[in-house]
Amino acid sequence: MKEFIVPPIRNGTVIDHIPPGKSVRVLEVLGIPRPGSTSIVSLAMNVETGRGAGRKDIVKIEDRELEREELDRIALIAPGATINIIRNYDVARKHTVDLPDTIEGVVQCQNPDCVTLSEPVASRFQVTSRDPLVIRCDYCRHVLSQEAVA
Amino acid sequence: MTLLDRDVIAVSDLSDDEIQALLRLAREFAGPEGRPTPRNELADRIVACLFFEPSTRTRLSFESAAHRLGARVIGFSSPAATSFAKGETLSDTIRTVSHYADLIVLRHPKDGSARLAAELSEVPVVNAGDGSHSHPTQSLVDFFTIGDERGTTTNNNVVLLGDLRFGRTTHSLATLLSRFGNKVTCVSPPGLEMPEGVIEECARHGRRPDQTNDLVGALADADVLYVTRIQKERFADPAEYLKYAGSYRIDDDILRHAEADLTILHPLPRVGEIDHAVDRRPGAAWFRQARNGVPVRMALLTSILKETPQILTEATR
Ligand SMILES: [Zn+2]
């Protein structure tokens with residue numbers, strides 16, 4: 001019998017293959033839990049992948065199907081993550097996260113003199129390279145690499 | 001393309017054609033004596049000069065350019081006397097002032113502030129320096145001066161000397177020079193080299209700039225020497241600063257290694273990088289460079305605010 005570290009959900013969203021330890025950051029970026037929401041959110045860290053290929057985090061959000069654009073926001077933190085939309089215990093849809101061309105409000109610019117740090121404006125970056133990941137601040141043109149954003 | 005109603009945040013916003021048109025218009029405005037005569041192209045317009053940090057030369061040349069075109073100027077020269085000092089954000093200031101003027105000239109200490117202002121403003125924004133990011137009109141003035149002094153904006157050998165790491169004007173100038181087919185040689189003290197990103201940018205547009213710390217060697221076949229200030233505050237050890245500052249001092253002695261007609265530029269203020277005796281050389285162009293700040297900014301303001309500048313149609317007829 002299969003042992004569940006996180007129990008299966010009836011309806012909702014499962015985010016799998018998150019790099020170990022990054023699940024809290026994933027929830028933060030997705031704005032979960034939403035204020036006032038009573039949806040159950042379960043989170044497992046450092047789960048063995050089962051193929052001897054190391055560990056991963058898993059997040060399960062009950063009774064909420066996240067939109068694709070919302071999910072793509074986590075591409076910076078969890079580039080290899082997969083998304084399962086669950087309906088009545090079955091996987092209704094499955095996809096891997098796509099890195100959008102423009103990333104808004106997910107990471108802060110790391111240039112201490114960037115205007116976005118002192119003004120009421122969301123950060124905005126353009127993806128200039130996908131592999132290796134390089135993004136550039138739309139305002140000050142400062143460049144961030146994968147290590148700096150994850 | 002036209003510059004009408006456009007923001008000018010960085011030199012990279014401008015196409016080669018637009019830059020050439022701007023330089024032509026600036027040349028017309030400058031006149032044979034380099035001294036613009038009063039005009040009325042912008043007689044019905046208001047230009048706001050918002051200077052969140054003092055920069056006397058830049059502000060005065062923008063204001064002079066606006067006045068020469070008949071525009072009225074509003075604004076401030078330091079944030080101390082404004083609501084900004086009371087904690088108002090740049091965003092709120094821009095949203096407000098964009099209803100008071102037809103164009104905003106912005107100087108602000110934060111990197112990227114001009115881009116943000118352009119997104120929030122109802123009227124065009126011209127960047128007059130945003131932190132260490134960009135100062136496009138200074139680069140245009142420098143480029144115009146090189147063209148004026150050498151008779152061409154292409155095929156010049158230009159040596160950039162000094163703090164090329166933090167000196168933002170040298171970054172966009174190097175790119176501009178490469179775009180127009182000039183050879184750029186970068187000479188700087190160790191630790192203050194031109195950033196690799198800028199070198200790559202130049203290489204994408206034209207020749208890859210040479211980098212050296214052999215000033216004498218670089219001067220041998222130079223047409224133009226562009227000197228920048230080495231800022232004391234960049235050095236932890238004052239002795240280190242003195243060592244570098246001394247090694248890059250331009251005087252008649254070192255200029256023996258250069259052609260007699262070498263054009264020498266400096267964005268000013270200079271603090272000892274150029275010996276005052278050098279002022280007597282015919283190629284000492286820094287005051288003409290400062291003077292050119294007015295016609296170049298006149299050209300920019302007119303192109304943004306006026307459909308077809310009358311002067312250009314006259315010149316091309
Ligand atoms: Zn930035």
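See the structure above.
Residues numbered from 1 in each chain as written. Chains lettered and ligands numbered in written order. Predicted model: local features only at pLDDT ≥ 70, side-chain atom pairs only at ≥ 80, totals over all residues. Heavy atoms only, no water.

Novice: I would appreciate a short explanation of the coordination of the zinc ion in the present structure.
Specialist: Ideal coordination angles are 109.5 degrees for a metal with four donors arranged tetrahedrally and 90 or 180 degrees for a metal with six donors arranged octahedrally. Residue and element names in this part refer to chain A. Surrounding the zinc ion are the protein donor atoms Cys109 (SG), Cys114 (SG), Cys137 (SG) and Cys140 (SG), which sit 2.3 to 2.4 Å from the metal. Here the zinc ion is ringed by four donor atoms whose angles at the metal span 102 to 116°, and the overall shape comes out tetrahedral. Considered as a linear motif, the donors of the zinc ion on their single chain read C-x4-C-x22-C-x2-C. What makes cysteine 114 buried here is its relative accessible area of 1%. (Donors = N, O, S within 2.8 Å, 3.2 Å for Na, K, Ca; no water. Tetrahedral: all angles 85-135°; square planar, octahedral: opposite > 155°, others 65-115°. Buried < 20%, exposed > 50% of the residue type's maximum accessible area, 1.4 Å probe, protein only.)

Novice: How should the environment of leucine 262 of chain B be read in this particular structure?
Specialist: Residue and element names in this part refer to chain B. On the secondary structure map, leucine 262 appears in the loop between α10 (252–255) and β9 (263–265). Judged by its relative accessible area of 0%, leucine 262 falls in the buried class. Along the primary structure leucine 262 and arginine 281 are separated by 19 residues, whereas in three dimensions their C-alpha atoms are 8.8 Å apart. Discounting residues that sit within four places of it in the chain, leucine 262 has contacts with Arg150, Leu219, Ala222, Asp223, Val224, Leu225, Leu255, Arg281 and Gly283. (Helix = DSSP H or I, 4+ residues; strand = E, 2+ residues; numbered from the N terminus. Contact = heavy atoms within 4.5 Å.)

Novice: Is there a simple way to explain the interface of chain A and chain B in this structure?
Specialist: Interface size, as often reported, equals the accessible area lost upon joining of the parts. Tallying the contact residues gives 14 residues for chain A and eleven residues for chain B. When chain A packs against chain B, close to 1100 Å² is buried across both sides, 51% of that on carbon and sulfur atoms. At the boundary of chain A with chain B, the tally comes to one salt bridge. The closest approach of N and O atoms between glutamate 119 of chain B and arginine 124 of chain A, which form a salt bridge, is 2.5 Å. Looking at the side of chain A that touches chain B, its residues break down into seven nonpolar, two polar and five charged. (Buried area = accessible area lost by both parts, 1.4 Å probe. Salt bridge = Lys/Arg side-chain N within 4 Å of Asp/Glu carboxyl O. Nonpolar A, V, L, I, M, F, W, Y, C, P; charged D, E, K, R; others polar.)

Novice: What is the right way to look at a nonpolar patch on the surface in this model?
Specialist: Residue and element names in this part refer to chain A. On the surface, Val24, Leu43 and Met45 cluster together into a nonpolar patch covering about 240 Å² of accessible area. Along the polypeptide, methionine 45 turns up in strand β2 (residues 41–48). Methionine 45 gets classed as partly exposed once you look at its relative accessible area, which sits at 39%. (Patch = residues over 30% accessible without salt bridge, like charges linked within 9 Å, V, L, I, M, F, W, Y side chains within 5 Å. Areas by Shrake-Rupley, 256 points an atom, 1.4 Å probe, with all protein chains shown as cover.)

Novice: I would appreciate a short explanation of the packing of aromatic side chains in the present structure.
Specialist: For any pair of aromatic rings, geometry is given as the distance between the ring centres together with the angle between the planes. Residue and element names in this part refer to chain B. A complete count under the given rule lists two aromatic pairs over all chains for this structure. Taken together, a centroid distance of 5.2 Å and an interplanar angle of 90° make the contact between phenylalanine 52 and phenylalanine 76 edge-to-face. Taken as a pair, phenylalanine 52 in the loop between β1 (46–51) and α2 (56–68) and phenylalanine 76 in strand β2 (residues 72–76) lie far apart in primary sequence, 24 residues in all. Residue class for phenylalanine 76 comes out buried when judged on its relative accessible area of 18%. With a centroid separation of 5.0 Å and an interplanar angle of 50°, the aromatic rings of phenylalanine 143 and phenylalanine 180 are classed as tilted. Here the residue phenylalanine 143 occupies a position in helix α5 (residues 136–150), and phenylalanine 180 occupies one in the loop between α6 (168–179) and β6 (183–187), the gap between them amounting to 37 residues. Taking relative accessible area as the criterion, phenylalanine 180 reaches 9% and is therefore assigned buried. When the ring centre of phenylalanine 62 is taken as origin, the NZ or CZ atom of arginine 297, which lies over that ring, is 4.9 Å away. (Phe/Tyr/Trp six-rings, centres within 6.5 Å; stacked < 30°, edge-to-face > 60°. Lys NZ or Arg CZ within 6 Å of the ring centre and 35° of its normal.)

Novice: Looking at this structure, how should I read helix α4 (residues 113–120) of chain B?
Specialist: In an α-helix there are 3.6 residues to a turn, and that puts residues three or four apart on one side. In terms of residue burial, α4 of chain B counts as a mostly covered element, since six of its eight residues are buried. Here the buried face of α4 of chain B lies against α3 (90–97), β3 (103–108) and β4 (125–130) of chain B.

Novice: I'm lost on the pattern of salt bridges in this one. Help?
Specialist: Working definition: two side chains of opposite charge can pair if their charged atoms are close together. Residues and elements named next belong to chain B. Counted under the stated rule, the structure contains 29 salt bridges over all chains. Here arginine 150 makes a salt bridge to aspartate 223, at a shortest N to O gap of 3.7 Å. With arginine 150 in helix α5 and aspartate 223 in the loop between α8 (215–219) and β8 (224–227), the pair connects residues that are 73 residues apart, well separated along the chain. For arginine 150, a relative accessible area of 23% puts it in the partly exposed group. One salt bridge connects aspartate 221 with lysine 183, and the closest N-O pair in it is separated by 3.9 Å. Separated by 38 residues along the polypeptide, aspartate 221 in the loop between α8 and β8 and lysine 183 in strand β6 bring together distant segments of the chain. Residue aspartate 221 is classed as partly exposed on the basis of its relative accessible area of 42%.

Novice: Would you mind showing me how to read the sheet that holds β6 of chain B here?
Specialist: Within a beta sheet, neighbouring strands are joined by backbone hydrogen bonds and run either parallel or antiparallel to one another. Residue and element names in this part refer to chain B. If you trace the five strands from one edge of the open sheet to the other, you get β7-β6-β5-β8-β9, paired in parallel fashion. A single partner strand is all that each edge strand has here, and the edge strands are β7 (210–212) and β9. Each strand axis lies, on average, 20° off the axis of its neighbour in the sheet, ignoring direction. As paired strands, strand β5 (residues 157–161) and β6 are joined by five bridges and run parallel to one another. Among the inter-strand pairings, valine 158 is bridged to a residue of β6, identified as valine 184. Of the strands in this sheet, β5, β6 and β8 are in contact with α6, which crosses β5 at around 165°. (Pairing = 2+ DSSP bridges. Axes fitted to C-alpha atoms, helices over the stretch in contact; angles between N-to-C directions.)

Novice: What am I meant to see in helix α1 (residues 16–30) of chain B here?
Specialist: Residues and elements named next belong to chain B. Between the first and last C-alpha of α1 there are 21 Å, a value that for 15 residues agrees with the 21 Å anticipated at 1.5 Å per step. Of all the positions in α1, only Glu18, Ile19, Leu22, Leu23, Leu25, Ala26, Phe29 and Ala30 are classed as buried. Along the long axis of α1, the arc covered by the buried residues comes to 165°, so they all point the same way. Among the residues trailing α1, glycine 31 stands out with phi positive, at a value near 70°. (Expected span 1.5 Å × (residues − 1). Arc of directions from axis to C-beta.)

Novice: Hey, could you run me through the nonpolar core in this one?
Specialist: Among soluble globular proteins, nonpolar side chains are generally buried collectively. Residues Ile19, Val47, Leu103, Val105, Phe143, Leu160 and Met194 of chain B are the most contacted members of the largest nonpolar core, which totals 54 residues. In terms of residue count, the dominant contributor to this core is helix α11 (residues 286–305) of chain B (eight residues). Looking at this core, you find at least three residues from each of domain 1 (11–133 + 291–315) and domain 2 (136–289) of chain B. Residues within four places of leucine 160 of chain B in sequence aside, it is in contact with Thr170, Leu173, Ala174, Val184, Thr185, Cys186, Val187, Met194 and Tyr226 of chain B. The next biggest cluster of nonpolar side chains, apart from the first, holds 53 residues, and it includes Cys109 and Cys140 of chain A together with Leu50 and Val125 of chain B. (Core = buried A, V, L, I, M, F, W, Y, C linked by side-chain atoms within 4.5 Å. Domains from an automatic or database assignment.)

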